[in-house]
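# Remarks on the overall topology
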Amino acid sequence: MILTAEKLGWKVRGISILQNVSLDVEEGETLGLIGPNGSGKSTLLKLLAGILTPSSGHVSLQGQAMARMSRRQVGQTLAFVEQQSDTFERLTVRDAVELGRTAWLSALRPWSAEDDRIVREALRQVDMSGMEKRSWHTLSGGEKQRVHIARALAQQPKILLLDEPTNHLDIQHQLSILGLVKALPITSVIALHDLNQAMTCDRIGVMSKGTLLAVGTPTEILTLDLIRDVFGVTARFIRDTDGSHLIRFQSIQ
Ligand SMILES: Nc1ncnc2c1ncn2[C@@H]1O[C@H](COP(=O)(O)OP(=O)(O)OP(=O)(O)O)[C@@H](O)[C@H]1O
Ligand SMILES: [Mg+2]
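These notes cover the structure that comes with them.

Thresholds, definitions, all that
- Residues numbered from 1 in each chain as written.
- Chains lettered and ligands numbered in written order.
- Predicted model: local features only at pLDDT ≥ 70, side-chain atom pairs only at ≥ 80, totals over all residues.
- Heavy atoms only, no water.
- Helix = DSSP H or I, 4+ residues; strand = E, 2+ residues; numbered from the N terminus.
- Rg over C-alpha atoms; globule rule 2.2 N^0.38 Å.
- Buried < 20%, exposed > 50% of the residue type's maximum accessible area, 1.4 Å probe, protein only.
- Contact = heavy atoms within 4.5 Å.
- Areas by Shrake-Rupley, 256 points an atom, 1.4 Å probe, with all protein chains shown as cover.
- Lys, Arg positive; Asp, Glu negative; His and termini not counted.
- Charge placed at Lys NZ, Arg CZ, Asp CG, Glu CD.
- Donors = N, O, S within 2.8 Å, 3.2 Å for Na, K, Ca; no water.
- Pairing = 2+ DSSP bridges.
- Near = heavy atom within 4 Å.
- Polar contact = N/O pair within 3.5 Å; in protein donor to acceptor, adjacent residues only side chain to side chain.
- Nonpolar A, V, L, I, M, F, W, Y, C, P; charged D, E, K, R; others polar.

## With respect to the overall build of the protein
Looking only at helices and strands, the protein features nine helices and 12 strands. Relative to the 2.2 N^0.38 estimate, which gives 18 Å for 253 residues, the radius of gyration of the protein is 19 Å and therefore close to what a compact globule would have. By its C-alpha atoms, the protein is 60 × 45 × 30 Å across when sized along the principal axes. For the protein, the residues scored as buried account for 47% of the 253 residues in total. Within the protein, contacts between residues separated by at least 24 positions form 62% of all contacts whose residues are at least 6 apart in sequence. Carbon and sulfur atoms provide 50% of the accessible area of the protein, an area that totals close to 12700 Å². If the 28 positive side-chain charges of the protein are averaged to one point and the 27 negative ones to another, these points end up 4 Å apart.

Structure representation (structure tokens):
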């Protein structure tokens, strides 16, 4: 298993936020994480990224306990795009994406033409080529989001963790970012609110009240009962002309 969580728990000031989450992420899959506001999706992603330290249980990367790996080793394996990311206030777009190369650089391995190529390619993938010299503070919300994703891509991780990456994006960029993530030959875990978008993931994990309620294929997971129980809305499936299904929602009266 490329990424494993075993009985993860996280407490803050004695209050339990996440309980007993075990998860095996398979190499190459795109795993969608869904769940209502406050259900623990961001907390789980931060634990998987090593940004939070579990109160119980542990995370393993490629069979190795994350707690025993250096920041540099983790950075060469895993990249994380946070929901509310740090800003790069004084930086240009180009500088921000170059930060993605940090885990790969050292005195023996200084910046090279290859790093330039990787940074340019990451900017191209998120459709931000040509904006390299722009200052961070002049960017729109969606452009900032795309720069964060480019920074993570420039890291060339084996595992990409994304917390609501399509949040600020227009529909064209939502589809292109999700298409890009699915096409990358790497493992991705991606928190999403749009259940129709989650339906296109290889598997879905459902968070509810700090626990991982279920993990499985979209058809196993996205049942009308589960949507009602977890999200408190009624849903129905509509078949599109190409045979695929769409979910429509209604609030429970
Ligand atoms: N540092 C903290 N101190 C206190 N409570 C916290 C802290 N971090 C998270 N929580 C609480 O833990 C719960 C889970 O938060 P989390 O951010 O993981 O939810 P989420 O599923 O990502 O929600 P959303 O869909 O709104 O992003 C929330 O009720 C939140 O208020
Ligand atoms: Mg969140």
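## Points about the coordination of the magnesium ion (ligand 2)
Distances from the magnesium ion (ligand 2) to its protein donors, namely Ser42 (OG) and Gln83 (OE1), fall within the range 2.0 to 2.2 Å. One end of the pair, serine 42, is in helix H1 (residues 41-49); the other, glutamine 83, is in the loop between strand E6 (78-81) and helix H3 (93-98), with 41 residues separating them in the sequence. Under the relative-accessibility criterion, serine 42 is labelled buried at 17%.

## Observations concerning the environment of alanine 122
For alanine 122, the location among the structural elements is in helix H4 (residues 113-125). Measuring from C-alpha to C-alpha, the distance between alanine 122 and glutamate 98 comes to 9.8 Å, with 24 residues separating the pair along the chain. For alanine 122, the contacting residues outside a window of four places in its chain are Val97, Ala150, Leu153 and Ala154.

## A look at unusual backbone geometry
At arginine 13, a position not held by glycine, the phi torsion is positive, near 45°. Looking at the element boundaries, arginine 13 is found in the loop between strand E1 (3-12) and strand E2 (15-25). Exposure remark for arginine 13: the relative accessible area of 80% places this residue in the exposed category. The phi angle at glutamate 164 is positive, at roughly 50°, despite the residue not being glycine. On the secondary structure map, glutamate 164 appears in the loop between strand E7 (159-163) and helix H6 (171-183).

## Things to note about the pairing of strand E8 (residues 187-191)
Regular strands place their side chains on alternate faces of the sheet. Judged by how many residues are buried, E8 sits mostly within the fold: five of five residues are covered. Because side chains alternate across E8, one face comprises the buried residues Thr187, Val189 and Ala191, and the other comprises Ser188 and Ile190, equally buried. As paired strands, strand E3 (residues 30-34) and E8 are joined by four bridges and run parallel to one another. Of the residues in E8, the one forming a bridge with threonine 30 is serine 188. Two elements, E7 and E8, share five bridges in a ladder whose sense is parallel. Pairing of aspartate 163 across the sheet is with alanine 191, part of E8.

## What about the site of ligand 1?
Lining the immediate environment of ligand 1, one finds 15 residues, of which Gly38, Gly40, Lys41, Ser42 and Thr43 sit closest. Glycine 40 places a polar main-chain atom, nitrogen or oxygen, 2.9 Å from an oxygen atom of ligand 1. Relative to its unbound accessible area of 640 Å², ligand 1 is 62% covered by the protein chains. For the shell around ligand 1, the elements supplying multiple residues, two or more each, are E1 and H1. The residue inventory of the shell around ligand 1, partitioned by class, reads four nonpolar, eight polar and three charged.

## Remarks on the sheet that holds strand E4 (residues 56-61)
A sheet is described by the order of its strands in space; here four strands give the open sequence E2-E1-E4-E5, paired in antiparallel fashion. On the outer flanks of this sheet lie E2 and strand E5 (64-65), each paired with one strand and no other. As judged from the seven bridges shared by E1 and E2, these two strands associate in the antiparallel manner. Residue pairing across strands places threonine 4 opposite aspartate 24, the latter belonging to E2.

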